[in-house]
Amino acid sequence: MTQAIAPRSFDTFEEEFDLDIAFEPDAVASPRAPETDINPREPLQFVAPAAVAAAVVTPNLVPLAAAAPAHTPATAPVASTFNPVGELVASASAAIVPTGLHAEIAVPRIAIHVFAERQDTLTSAERAGQDRRMSRATTQIRVGGIPAAISTYLNEPTPPLIVVECLDDPNALLAQIDRLAECCDSGTKVVVIGLSNDILLFRELMRRGVSEYLVAPVQPLQLIAAIGGLFSDPAQPFVGRSIAFVGARGGAGASSVAHNTAYAISERIGANTVIVDYDLPFGTAGLDFNQDPLNGVADALGQPDRLDSVLMDRMMVRCTDKLSLFAAPATLDTDWDIAPEAFEEVTSRIRSTAPFVVLDLPHLWSGWMRQTLIAADEVVVVATPDLASLRNAKNMIDLIRQGRPNDAPPRLVLNQVGVPGRPEIPAKEFGNALGILPSLIIPFEPKLFGAAANNGQMILDAGAKSKSAEAFQTLAQIVSRRELPVLTGPNGKPGKPGKAPKAAKEAGSPSESKSLFANLFKKR
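Residues numbered from 1 in each chain as written. Predicted model: local features only at pLDDT ≥ 70, side-chain atom pairs only at ≥ 80, totals over all residues. Heavy atoms only, no water.

**Regarding the overall build of the protein**
Turning to step 1, where the next piece is worked out: Helix and strand counts for the protein come out as 20 helices and 15 strands.
Turning to step 2, where the next piece is worked out: A separation threshold of at least 6 residues defines the contact pool for the protein, and within that pool the share at least 24 residues apart is 79%.
Turning to step 3, where the next piece is worked out: Put simply, the protein shows about 23,600 Å² of open surface, and 53% of that area lies on carbon and sulfur atoms. (Helix = DSSP H or I, 4+ residues; strand = E, 2+ residues; numbered from the N terminus. Contact = heavy atoms within 4.5 Å. Areas by Shrake-Rupley, 256 points an atom, 1.4 Å probe, with all protein chains shown as cover.)

As structure tokens, then:
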């Protein structure tokens, strides 16, 4: 029996590491009032279709002559501002998946046709088609619902995926689905958007070959997640989270920040991480980790279609048990004229090898750089507190925001803060000009960084108790959305979290994590 569900309001939950706040060197940062927040981040809610209909999904839409069941009653339309199915599935996913972790979505190169009736569905479909996760797919959006789809496919073949919307009652919806099935080719998947939140209707649609059913109104990320779930590869256990580091200007230290953050993710958080050095002529990843500069990235870019797990393992250098390196050749013998598609393919294949992939991007601008920045799951812009960095960072952030309408803004890291005798733009003014307050400020410590670079060490090894070491551990938690593991003390009592208690003590709770940042640069 179907019960009408009254609309109700839900509290919004902030992202786990939604704490972009400014610091002054050697001072405690004061919390920002909510009304002065210039960097709002809306929580991302995904729907996991595989978890809802794992036992009833039929791969293909096949024509069946079964009539609509008489026991399926009509359901009152759901209010346009409330989606109970999306809310319930999002809550269930949050309970199953560890806090702060979300499965990354990858949509393959397919054609997708959308036939919508509601204006908000058309808007959501347009925003979904412009999303970075759908960059490889070709999306066509049309008006008319299921009747328009039937009329279209009487004269042309069907694409791999059809998304149709129907505002009719369940009996009329099932009748239209039967007519659509007669026009569909074998192997076509169909996603239906309707108004009825009815489990009997859902099961009947699954029995007739529909791949997924969504209750209107649908959000862009909800639609993307449903599409990604239909075409996920069962042989691929996961898609790693890509984190791109780019410098606002030359000498900003983006490579050092990227390498030290990746090392902190692997050693302090304990997650397998891969560093990809895309600065082919001048990359420093091999030097920073005291490794011979192999042609790993260059060889991979030269033959992206042949990459598999065995070949990539031979190309990578194992720095530690959990950290691998795709080093750049760092030679000028070649012009390195490589197609942008090769960078996309190599990055996509490397993401299947580790949960976290850190992309060390050079300070240049080209088509593949733009594409890599927009396609990354997280972007970190590293800048120094000067006017040139401010101008370049603003240009980068504006472009990334425009190309990623459904994602949070990039992270901003101010590096080399506090150089003696150098006039600097205060962190607060720097952030206000960009509309993004710095997520982290790294102090200027030339002796520590110089010694670590000359010895091929990371800051966590060269100066484990330094402010910069704590900063890198904090940044590792922010971009990975994970906490430092808590070690067990004597007699089974909880011990200190990893080797940096100050940087990870409060990272798990959004309501208390301001103390994490506030203690970063306390005077010792």
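**Observations concerning the packing of helix α5 (residues 170-181) against helix α6 (residues 199-207)**
Turning to step 1, where the next piece is worked out: In the contact formed by α5 and α6, the axes pass within 11 Å of each other and the chain directions differ by 5°. Compared by their axis directions, α5 and α6 come out roughly parallel. Between α5, through Pro 170, Leu 173, Leu 174 and Ile 177, and α6, the contact on the second element is made entirely by Leu 201, Glu 204 and Leu 205. (Axes fitted to C-alpha atoms, helices over the stretch in contact; angles between N-to-C directions. Parallel < 35°, antiparallel > 145°, perpendicular 65-115°, else oblique.)

**Some words on the side chain of Asp 360**
Turning to step 1, where the next piece is worked out: Along the polypeptide, Asp 360 turns up in strand β10 (residues 356-360).
Turning to step 2, where the next piece is worked out: With no salt bridge to any partner, buried Asp 360 finds its closest opposite charge in Arg 249, at an N-O distance of 15 Å.
Turning to step 3, where the next piece is worked out: Reaching out from Asp 360, the side chain makes a polar contact with the side chain of His 259 at a distance of 3.0 Å.
Turning to step 4, where the next piece is worked out: Ignoring any residue separated from it by four or fewer positions in sequence, one finds Asp 360 in contact with Phe 245, Ser 255, His 259, Val 276, Asp 277, Tyr 278 and Asp 279. (Buried < 20%, exposed > 50% of the residue type's maximum accessible area, 1.4 Å probe, protein only. Lys, Arg positive; Asp, Glu negative; His and termini not counted. Salt bridge = Lys/Arg side-chain N within 4 Å of Asp/Glu carboxyl O. Polar contact = N/O pair within 3.5 Å; in protein donor to acceptor, adjacent residues only side chain to side chain.)

**Section: the environment of Leu 412**
Turning to step 1, where the next piece is worked out: Secondary-structure assignment places Leu 412 in strand β12 (residues 411-417).
Turning to step 2, where the next piece is worked out: The spacing of Leu 412 and Val 379 is 33 residues in sequence and 8.7 Å in space, taken between C-alpha atoms.
Turning to step 3, where the next piece is worked out: With residues near it in sequence (within four places) discarded, Leu 412 still touches Val 381, Ala 383, Phe 430, Leu 434, Ile 436, Pro 438, Ser 439 and Leu 440.

**Considering the nonpolar core**
Turning to step 1, where the next piece is worked out: In this structure, Val 276, Tyr 278 and Phe 326 are the most contacted members of the largest nonpolar core, which totals 44 residues.
Turning to step 2, where the next piece is worked out: Looking at this core element by element, the count peaks at five residues for helix α14 (residues 387-403).
Turning to step 3, where the next piece is worked out: Residue contacts for Val 276: discarding those within four places in its chain leaves Val 297, Phe 326, Ile 350, Val 357, Val 358, Leu 359 and Asp 360.
Turning to step 4, where the next piece is worked out: Judged by nonpolar contacts, the second largest core, of 37 residues, contains Val 257, Val 380, Leu 475 and Leu 484. (Core = buried A, V, L, I, M, F, W, Y, C linked by side-chain atoms within 4.5 Å.)

**With respect to the sheet that holds β10**
Turning to step 1, where the next piece is worked out: Read from one edge to the other, the open sheet built from eight strands follows the order β8-β9-β7-β10-β6-β11-β12-β13, with strand pairing classed as mixed. Every other strand in the sheet has two partners, leaving β8 (317-318) and β13 (440-443) as the edge strands with one partner each.
Turning to step 2, where the next piece is worked out: Across five bridges, the pairing between strand β7 (residues 273-277) and β10 is parallel. Each residue of the ladder has a partner; that of Ile 275, found in β10, is Val 358.
Turning to step 3, where the next piece is worked out: In the packing of helix α13 (residues 367-375) onto the sheet, contacts are made with β6 (241-247), β10 and β11 (378-383), and the angle to β6 comes to roughly 130°.
Turning to step 4, where the next piece is worked out: Sitting on the sheet, helix α18 (residues 467-480) touches β6, β10, β11, β12 and β13, and the angle it makes with β13 is about 155°. (Pairing = 2+ DSSP bridges.)

**Concerning unusual backbone geometry**
Turning to step 1, where the next piece is worked out: Backbone torsion omega between Ala 216 and Pro 217 reads 0°, so that peptide bond is classified as cis.
Turning to step 2, where the next piece is worked out: With a phi close to 55°, Asn 290 is a non-glycine residue in the positive phi region.
Turning to step 3, where the next piece is worked out: With respect to the secondary-structure elements, Asn 290 resides in the loop between α9 (285-288) and α10 (296-302).
Turning to step 4, where the next piece is worked out: Backbone geometry at Ala 330 places phi at a positive 55°, although glycine is not the residue there.

**So, the pattern of salt bridges**
Turning to step 1, where the next piece is worked out: If you walk through the whole model with that rule in mind, you get 17 salt bridges.
Turning to step 2, where the next piece is worked out: A salt bridge links Asp 377 to Arg 132; the shortest N-O distance between them is 3.0 Å. Taken together, the positions of Asp 377 in the loop between α13 and β11 and Arg 132 in the loop between α3 (119-129) and β2 (138-143) put the pair 245 residues apart, joining distant regions of the chain. Accessibility assignment for this pair places Asp 377 and Arg 132 in one class, buried.

**Observations concerning the pairing of β12**
Turning to step 1, where the next piece is worked out: Counting buried residues in β12 gives six out of seven residues, a clear majority hidden from the surface.
Turning to step 2, where the next piece is worked out: Strand direction decides the pairing type here: β11 and β12, joined by four bridges, are parallel. Following the sheet pairing, Val 381 is matched in β12 by Leu 412.
Turning to step 3, where the next piece is worked out: Taking the sense of rotation as the criterion, the β-α-β connection linking β11, α14 and β12 turns out right-handed.
Turning to step 4, where the next piece is worked out: Bridge analysis of β12 against β13 gives three bridges, and the strand direction is parallel. (Right-handed = clockwise from strand over helix to strand, strands pointing away.)

**Things to note about the side chain of Arg 208**
Turning to step 1, where the next piece is worked out: Mapped onto the secondary structure, Arg 208 falls in the loop between α6 and β5 (212-215).
Turning to step 2, where the next piece is worked out: Take Arg 208: its relative accessible area is 2%, and that puts it in the buried class.
Turning to step 3, where the next piece is worked out: Reaching out from Arg 208, the side chain makes a polar contact with the side chain of Glu 204 at a distance of 2.7 Å.

**So, the packing of aromatic side chains**
Turning to step 1, where the next piece is worked out: By the definition in use, this model includes five aromatic pairs.
Turning to step 2, where the next piece is worked out: Between Tyr 278 and Trp 368, the ring centres sit 5.6 Å apart and the planes meet at 75°, which makes this aromatic pair edge-to-face. With a gap of 90 residues between them, Tyr 278 in the loop between β7 and α9 and Trp 368 in helix α13 connect regions that are remote in the sequence. Accessibility classification places Tyr 278 together with Trp 368 in one group, the buried group.
Turning to step 3, where the next piece is worked out: Ring centres 6.2 Å apart and planes at 65° place the aromatic pair Phe 449 and Phe 472 in the edge-to-face group. Placement of Phe 449 in helix α16 (residues 446-455) and of Phe 472 in helix α18 is noted, with a sequence separation of 23 residues between them. (Phe/Tyr/Trp six-rings, centres within 6.5 Å; stacked < 30°, edge-to-face > 60°.)

**Topic: helix α4 (residues 145-153)**
Turning to step 1, where the next piece is worked out: Those residues of α4 lying buried are Gly 145, Ile 146, Ala 149, Ile 150, Thr 152 and Tyr 153. Viewed along the axis of α4, the buried residues span an arc of 165°, placing them on a single side of the element.
Turning to step 2, where the next piece is worked out: On its buried face, α4 is in contact with β1 (111-116), β2, β3 (161-165) and α5. (Arc of directions from axis to C-beta.)

**So, the confidence of the model for the protein**
Turning to step 1, where the next piece is worked out: Per-residue confidence for the protein averages 75 on the pLDDT scale, and 71% of its residues sit at or above 70.
Turning to step 2, where the next piece is worked out: The low-confidence segment residues 1-103 (pLDDT under 50) makes 193 contacts with residues lying over four places distant or belonging to another chain.
Turning to step 3, where the next piece is worked out: Contacts from residues 499-524, a stretch scored under 50 in pLDDT, to residues over four places away or in other chains number 69 contacts. (pLDDT = per-residue confidence, 0-100.)

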